[in-house]
Structure formats: structure tokens, C-alpha cells
Amino acid sequence: MRSIVAVLLLLFCYELKASDEVALSVVTEEWRPFNYTDDNGVIVGRSTTKVKAILDSLGYKYDIRSYPWTRAMSMAEHDTNTLLYSIFRTPEREHKYQWVCPLMAPVKVYLFHLATRDDINVTSLEDAKNYVISVGRNARSHETLLEKGFIEGQHLDVSADPSAELRKFLAGRVDFLVQSEWEMSESLKGIKRQYTDVVRSLEVANVSDRSACIAFSKKTDKEIVNRVQAALEQYNKKFGLE
């Protein structure tokens, strides 16, 4: 009997050790102020702080890297032991990942135009089809606008580079830029511009009512996903959902 108990204890300890030795690949994108690379090359932000706190509490080894959004999504879909944040959970994405939610409270996303553009007049998203909107490739706002009949190359200027989107917008090469208020404010601060240089216009519907999440690859152990979900729930309970 003692030998059986000893074997079971050994197996249990081995499983714990194996779990502790799992190294997670954490991928994200540049989305101020939630996840972005600071002037020292360190990935920071409100969501980053939360993800790091959760993984640290579980004792997992991990490495966080920032990539263009499309590449980050692909890595989280196909690579082993990989998680992506911050990503909106949608019906189209549901089957591609293992989900841990909610990471953040819903983030309102708007169309912004330059304050100097007094020629722009929109009261609905349908009106916005008379202009060109810069949007991130495969972002939830990109998907939503496509669903609403916006056409790439006609209504939408699609980019995988957030800094390129901002440059085009400020240069007047596109009419609107899709961002949250926080993101716009932080982006402008980063290049020494003022928030008063832009005007917040329409809210992009069907985006702002969704919470962002963590998405794990299907090639990640379900036990890891469950542990992170439990830790996230404890974090949200203690500190609230922001």
C-alpha cells in the first residue's frame, strides 16, 4: 500500500513539475494604452500588466513579443503553448482559439477626423461610405465595417502597421482613423501632437459592446487554459474589470 501511495505521489509531483516547466509564448500588438512597446523597448500597457500578473501568480515562464496583428493572430492559432492578448471574441474567431475572458471591459471605438477637416459631415456609418477610413487589418473594427458593406480599396484603407495608419491620417491621405479615445490620445502624445488636433465622430457599432479577451492556441494544454481562466476571474474579482 505504501508503495502505491509513493508512486502516486511521485506521479503527482512530476505533473506539477512538468506544468511549472511549460514556457508560454505570449504575443500581442501595438494598441495603446493596453499593449504597446515603450521607449525602452519593453512591452507595457494596462492589459500587459494584467496578463503578467496572472502568469506570474501561476508560476509560468513566458516571453512577450509584439507583432503585426495578422501575424500575432496566426501564431496564436497555429503555434503550441501560445496566447494572444488583447483580442475581441467574435463568432468568426470562436472556433480558432481557446478563450479566457474577460480581460478588459468593453472599449468604445470611434471614427476620428482631423479638426481642420470642416468639410466632413457624417451622421451615420452609411454617410461614412463617402470617405476613406484607415483601419487595421483583421481588427474587429475592420471586420465590422466589412460586415456593414464597406469595401477595401474604396471605403477602407487597410494596413497592418498602426504607425503607418496614423501617419496617413495626419497627412490627410485618408479621411478617418478608427481608434479608441485612449488609443488616439496616447498615439498623439507619442508624436508630440495635441488631442485637439482631431475630432471624435461616430462610434463604430458592434465593436464597443464587446470585451477583449486572452486567446490560447488549440495546441495549448487545456489545464493551462483553465488555470489562467481561474486566475483571471480572481484578479477581476479583487481589482475589478477595467
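See above for the structure.
Notes on the structure in this doc start here.

## Points about the overall build of the chain
Secondary structure assignment for the chain yields seven helices and 12 strands. Taken along its principal axes, the extent of the C-alpha atoms in the chain is 85 × 35 × 30 Å. Buried positions account for 46% of the 242 residues belonging to the chain. Across the chain, the fraction of contacts at a sequence separation of at least 24, relative to all contacts at a separation of at least 6, is 72%. Carbon and sulfur atoms make up 52% of the accessible area of the chain, which totals about 12600 Å².

## Here we look at helix H2 (residues 46–58)
Here H2 spans 19 Å end to end across 13 residues, near enough to the 18 Å set by a 1.5 Å rise per residue. Among all positions in H2, only Ser47, Thr48, Lys50, Val51, Ile54 and Leu55 are buried. Buried residues of H2, seen end-on, are gathered within an arc of 165° and therefore sit on one face of the element. Turned more than 90 degrees away from the buried face of H2 sit Thr49 and Ser57, all of them exposed.

## Here we look at helix H7 (residues 222–239)
Here H7 is 18 residues long and its end C-alpha atoms lie 26 Å apart, about the 26 Å a rise of 1.5 Å per residue gives. The complete set of buried residues in H7 reads Ile224, Val225, Val228, Gln229, Ala231, Leu232 and Asn236. If you check the start of H7, you find a side-chain oxygen 2.9 Å away from the backbone N of Glu223, and it comes from Asp221.

## Comments concerning the sheet that holds strand E10 (residues 176–180)
Strand pairing in a sheet relies on backbone hydrogen bonds. The paired strands run either parallel or antiparallel. Taken together, five strands build an open sheet; the order of strands is E9-E8-E10-E7-E11 and the sheet is mixed. Across the chains shown, the open sheet's two edge strands, defined by having one partner strand only, are strand E9 (156–159) and strand E11 (198–203). Across the sheet, the mean angle separating the axes of adjacent strands is 40° when strand polarity is ignored.

Reading guide: rules and limits
- Every chain begins its residue count from 1, and numbering advances along the sequence as written.
- Local features in a predicted model are, by the rule used here, given only for residues with pLDDT of at least 70; side-chain atom pairs are given and counted only at 80 or more, and totals for whole chains, interfaces and linings are based on all residues.
- Note that the side-chain values use all heavy atoms of the structure and ignore hydrogens as well as water.
- Under the scheme used here, helices are H or I runs from DSSP no shorter than 4 residues and strands are E runs no shorter than 2 residues, and both carry numbers assigned from the N terminus.
- Whether a residue is buried, partly exposed or exposed follows from its accessible area with a 1.4 Å probe, protein chains only, as a fraction of its type maximum: under 20%, in between, or over 50%, in that order.
- By definition, residues are in contact when any of their heavy atoms lie within 4.5 Å.
- Only the protein chains shown count as cover for residues, and the accessible areas themselves come from Shrake-Rupley with a 1.4 Å probe.
- Residue count minus one, scaled by 1.5 Å, sets the expected span of a helix.
- The arc in question is the one traced by the directions running from the helix axis out to the C-beta atoms.
- As used in this structure description, the phrase polar contact means that two N or O atoms lie within 3.5 Å; if the pair is within protein, one of them must be able to donate a hydrogen and the other to accept it, and residues adjacent in sequence are counted only when both atoms belong to side chains.
- For two strands to be treated as a pair, DSSP must find no fewer than two bridges joining them.
- Here an angle of 0 to 180 degrees is reported between the N-to-C directions of two axes, which are lines fitted to C-alpha atoms, with helices fitted over the stretch in contact.

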